[in-house]
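Next come the chains, spelled out residue by residue.
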Amino acid sequence: MFKRLVMAGAMLALAGSTVLAGPERIEFPKGYQDSFSNYMNAERQNGKQLARFYANDVAVKGAKSGGELPDGSIVIMEVYKAKADKDGKPMRSKNLDRLIRGDLAAIMVKQKGAGWGKDYKGDKMNVGDWEFSGFKADGTRLDKDFAKCRSCHSELKDSAYLFSQEHLAK
């Protein structure tokens with residue numbers, strides 16, 4: 001009986017110390033608006049949202065050097081809903097024909113860590129050693145499956161797995 005308890009305890013200890021792949025390994029980057037570079041603002045392709053992009057110094061330096069972004073790189077996309085008219089249609093400015101920014105809907109975070117890609121097995125896939133996570137405007141974690149994010153970014157190997165790499169490099 002004692003042996004079984006010792007074995008069960010050892011297995012629980014190992015399970016508790018194992019780092020699993022997933023968005024939980026990314027912490028909400030408090031203060032990013034002041035400490036990261038806002039390198040791009042754009043309308044999203046869905047025609048209903050706008051995005052503001054931020055990157056930490058590690059990512060900016062890596063992009064400017066022309067190589068792959070190093071471990072420790074963090075890229076953030078704030079996603080805003082477009083203001084809508086009474087019929088729910090996204091509103092556009094009259095003079096610039098641009099979506100009008102409404103409420104912050106989500107803060108999406110992409111972070112690179114040494115060896116993070118090796119934790120994905122089977123039908124799960126990873127994009128290099130990047131991990132994806134998301135947060136609500138109040139900083140609480142979004143309950144979201146990031147497989148679609150990984151899938152879209154996986155085709156961008158030549159641009160550091162970023163749609164906005166050219167903008168980050170400038």
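Draft legend 1. Representation of the environment of histidine 167. Position of histidine 167 relative to the elements: it lies in helix 5 (residues 165-168). Judged by relative accessible area, which is 40%, histidine 167 ranks as partly exposed. Residues histidine 167 and lysine 64, 103 residues apart in the sequence, show an inter-C-alpha distance of 10.0 Å.

Draft legend 2. Quick look at the confidence of the model for the protein. Mean pLDDT over the protein works out to 84, with 84% of the residues at or above the 70 mark. For residues 1-18, every residue scores under 50 in pLDDT, and the model assigns this stretch zero contacts once sequence neighbours within four places are set aside.

Draft legend 3. The packing of aromatic side chains, seen in detail. As enumerated under the stated definition, the model contains five aromatic pairs in all. Aromatic pair tyrosine 32 and phenylalanine 36: ring centres 6.4 Å apart, planes at 65 degrees, arrangement edge-to-face. Put simply, the rings of Phe28, Tyr32, Phe36, Tyr54 and Phe135 pair up and form one aromatic cluster. Above the face of the tyrosine 80 ring, arginine 101 is positioned so that its terminal group lies 4.7 Å from the ring centre. Positioned above the aromatic ring of tryptophan 130 is the side chain of lysine 110, whose terminal nitrogen or guanidinium carbon lies 4.7 Å from the ring centre.

Draft legend 4. The arrangement of the nonpolar core in detail. Judged by nonpolar contacts, the single largest core of 23 residues is most densely connected at Tyr39, Leu69 and Leu168. Once residues lying within four places of it in the same chain are set aside, the contact partners of leucine 69 are Ala59, Gly62, Ala63, Lys112, Trp130, Ala160, Leu162 and Leu168. With ten residues, the next largest nonpolar core counts Ile26, Tyr54, Ile107 and Trp116 among its residues.

Draft legend 5. Seen up close, the pairing of strand 5 (residues 130-135). Within strand 5, six of the six residues are buried, which leaves it mostly tucked inside the rest of the structure. The alternating pattern of strand 5 places Trp130, Phe132 and Gly134 on one face and Glu131, Ser133 and Phe135 on the opposite face, and all of these are buried. For strand 4 (residues 101-112) and strand 5, the ladder comprises six bridges, and the chain directions are antiparallel. Across the sheet, residue methionine 108 finds its bridge partner in strand 5, namely glycine 134.

Rules behind the numbers
- Residues numbered from 1 in each chain as written.
- Predicted model: local features only at pLDDT ≥ 70, side-chain atom pairs only at ≥ 80, totals over all residues.
- Heavy atoms only, no water.
- Helix = DSSP H or I, 4+ residues; strand = E, 2+ residues; numbered from the N terminus.
- Buried < 20%, exposed > 50% of the residue type's maximum accessible area, 1.4 Å probe, protein only.
- pLDDT = per-residue confidence, 0-100.
- Contact = heavy atoms within 4.5 Å.
- Phe/Tyr/Trp six-rings, centres within 6.5 Å; stacked < 30°, edge-to-face > 60°.
- Lys NZ or Arg CZ within 6 Å of the ring centre and 35° of its normal.
- Core = buried A, V, L, I, M, F, W, Y, C linked by side-chain atoms within 4.5 Å.
- Pairing = 2+ DSSP bridges.

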